[in-house]
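Coordinate analysis (summary)
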Amino acid sequence: LFERGNIGKIGPALLRGHRDGPYLAGIDEAHQRSDIGGVQIDLTREHGYEKLEVEGKFPHDLRGTLYRAGPALSERFGRPYGHVFEGDGAICAVRIGEGVASGAHRLIRSEGFVREEAAGQALYQTAVSWPKQVANNLLGRAKNTANTSVMEWHGELYALMENARPTAFDRELTTIGETTLGG
């Protein structure tokens, strides 16, 4: 998603962080879990684009935005997920242009995520009781976590999960919703 393939030119420039601490989240031990196949660090602060401190210099003609998706929450309403792949997705973006970098990080608000927020409790995956998991599977109820990768197609951005429809989001990282891509 960088213009003219200039990503290799970054060289010694390192993104250091925003004014409030480590880039992407103010991380503390209370938000780290190591019992789900590695250390999972929950997103503790969503934010729009904020200027990042850069050590070194970017080539002046390097411009574009790099988007990444990944699991951002390891639990819902105090009920932990059994595996990192169940984590609700978030998009991280780094914009570079005119020698300046800014970063943003937001959760993907999928239909399932929004339903859980409205219910005030976990409704899917291993964060619910065994009988509820069985009922969800039998009834085909699942949550699209959109936590695997990002795709740009025909100028639009999508967060992906292997067994679900693409979830569209805009360049400010606001969730638009699931799509069939016109199919």
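Cut-off values and rules
Residues numbered from 1 in each chain as written. Predicted model: local features only at pLDDT ≥ 70, side-chain atom pairs only at ≥ 80, totals over all residues. Heavy atoms only, no water. Buried < 20%, exposed > 50% of the residue type's maximum accessible area, 1.4 Å probe, protein only. Helix = DSSP H or I, 4+ residues; strand = E, 2+ residues; numbered from the N terminus. Pairing = 2+ DSSP bridges. pLDDT = per-residue confidence, 0-100. Contact = heavy atoms within 4.5 Å. Phe/Tyr/Trp six-rings, centres within 6.5 Å; stacked < 30°, edge-to-face > 60°. Lys NZ or Arg CZ within 6 Å of the ring centre and 35° of its normal. Axes fitted to C-alpha atoms, helices over the stretch in contact; angles between N-to-C directions.

1. A closer look at the pairing of strand β9 (residues 89-97)
The buried count for β9 comes to 7 of 9 residues, which makes it a mostly enclosed element. Two elements, β9 and strand β10 (residues 100-107), share 8 bridges in a ladder whose sense is antiparallel. Each residue of the ladder has a partner; that of A93, found in β10, is A104. Turn length for the β9-β10 hairpin, with the two strands adjacent in sequence and antiparallel, is 2 residues, and the turn residue E98 shows positive phi of about 55°.

2. Some details on the confidence of the model for the protein
Per-residue confidence for the protein gives a mean pLDDT of 81, with 78% of residues at or over 70. In the predicted structure, residues 1-36 sits below a pLDDT of 50 and forms 89 contacts with residues beyond four places in sequence or in another chain.

3. Quick word on the packing of aromatic side chains
Taken as a whole, this structure holds 1 aromatic pair when the rule is applied. For the ring pair Y67 and F169, a centre distance of 6.0 Å and an interplane angle of 70° mean the geometry is edge-to-face. Taken together, the residues Y67 in strand β6 (residues 64-71) and F169 in strand β13 (residues 167-169) connect sequence positions 102 residues apart. The ring of Y49 has R95 sitting right over it, with the charged end atom 3.7 Å from the ring centre.

4. Section: the sheet that holds β10
Here 4 strands make up an open sheet; going across it, the order is β4-β10-β9-β6 and the pairing antiparallel. The sheet terminates laterally at β4 (47-51) and β6, the two strands that pair on one side only. Recorded for the sheet is a direction-independent mean angle of 15° between the axes of neighbouring strands.

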